[in-house]
Amino acid sequence: MGDDLGENWWEDGDKPGASHTDEDNIVRDKKKVKSMLKQASSRKRSPQVVDEQAPKLKKKKQPTECFLAKSEEEAGSGEGPKKQKRRRKKKISDIAESGPGTPDDLRKMIQKCLKSKRLAIEMEECSLPDSCFLPVNDLTHTLASYLKESCPKWAKLCKNHSERNSLLMLIVCGSAHRVLELIRLLTSFKGNCRILKLFAKHIKVEEQVKWLRNGINHLGIGTPGRIKTLIEQDAISLDSLKYVIFDWNWRDQKLRRMMDIPEIQQDTITLLESGIIAACRAGSLKLGLF
């Protein structure tokens, strides 16, 4: 190793070039130290960055947790959207427990459906007088007891009735299933009268027209659409008709009344316009809301 350094190597330190090399080395050492310090500081900062990111991730999760907590609190207090939906469903049951239908309910329905189609003068012709309504069902009656109270002379009317293509009473309900149920409820009221089923399910119009033309019938129970069709075909004359009873207060499994279904409501309005309103205004026909 001494041979490589050359002769008088110890004297090189006195030369001016030697100091420059030492200064360069010192500068390099300082740079290395600085770089090492930077690396060390970056390494020390990196866990801090991770630590700062970790709570940020937690903060991102916190809103969902807070939202769930709020939703549970709102569900408990009844202010959340889910609770509002449940309340709306409960309101339907509240409606089911509300009072019976009144003549004003029928008048409002007629006005609502015909207001956009008729002039004010024509709307006066569709108004129903109080005298045309039977007593209101207080929801304590069966169909038989209600009709016995509202039509005390029913047996005499049936005995004197001898016209074809006519009925003494029409009971209007929302479905064929309800028609069959109402027929069973009339056992103690009907006596010797003849009852016709007037609905569209499994029964053709032509067959019902034959029943009306070939026999003497007293009471018809059916849906407004089919009854309207039979009146339009002159199979049912309104001259002998004395009573029209609407199955107003009964509700199906969805807690809907027959007038809550748009199709049935529209058929009922058309049925009323087919001559029933005019007969009520003339005083020859009574309306009942069962």
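Residues numbered from 1 in each chain as written. Predicted model: local features only at pLDDT ≥ 70, side-chain atom pairs only at ≥ 80, totals over all residues. Heavy atoms only, no water.

1. Digging into empty space enclosed by the protein
Move 1: Scanning the entire structure with this criterion turns up one cavity of 30 Å³ or more.
Move 2: Looking at the largest cavity, its volume works out to about 30 Å³.
Move 3: For the largest cavity, the full set of lining residues is Pro 103, Phe 133, Leu 134, Val 136, Leu 287, Gly 288 and Leu 289.
Move 4: With three residues, strand S5 (residues 286–289) is the single largest residue contributor to the lining of the largest cavity.
Move 5: Within the lining of the largest cavity, the residues separate by chemical class into six nonpolar, one polar and no charged. (1 Å grid on protein atoms, 1.4 Å probe; cavity = no way out; pocket = protein on both sides within 12 Å on 5 of 7 lines; lining within 4 Å. Points joined across faces, edges and corners; volume = space filled by probe spheres on them. Helix = DSSP H or I, 4+ residues; strand = E, 2+ residues; numbered from the N terminus. Nonpolar A, V, L, I, M, F, W, Y, C, P; charged D, E, K, R; others polar.)

2. Some remarks on the packing of helix H11 (residues 224–232) against helix H12 (residues 262–282)
Move 1: At a minimum axis separation of 8 Å, H11 and H12 run at an interaxial angle of 30°. By the angle between their axes, H11 is roughly parallel relative to H12. As for the relative orientation of H11 and H12, their crossing is left-handed in sense. Judged by residue contacts, Pro 224, Gly 225, Ile 227, Lys 228 and Ile 231 of H11 engage Ile 264, Asp 267, Thr 268, Thr 270, Leu 271 and Ser 274 from H12.
Move 2: Residues that form the contact of H11 with H12 fall into these classes: five nonpolar, four polar and two charged. (Axes fitted to C-alpha atoms, helices over the stretch in contact; angles between N-to-C directions. Parallel < 35°, antiparallel > 145°, perpendicular 65-115°, else oblique. Left-handed = near helix turned anticlockwise from the far one by under 90°. Contact = heavy atoms within 4.5 Å.)

3. What to know about the side chain of Ser 150
Move 1: Counting through the fold element by element, Ser 150 comes out in helix H6 (residues 143–150).
Move 2: By relative accessible area, Ser 150 is classed as buried at 9%.
Move 3: Residues in contact with Ser 150, not counting those within four places in the same chain, are Leu 134, Pro 135 and Tyr 243. (Buried < 20%, exposed > 50% of the residue type's maximum accessible area, 1.4 Å probe, protein only.)

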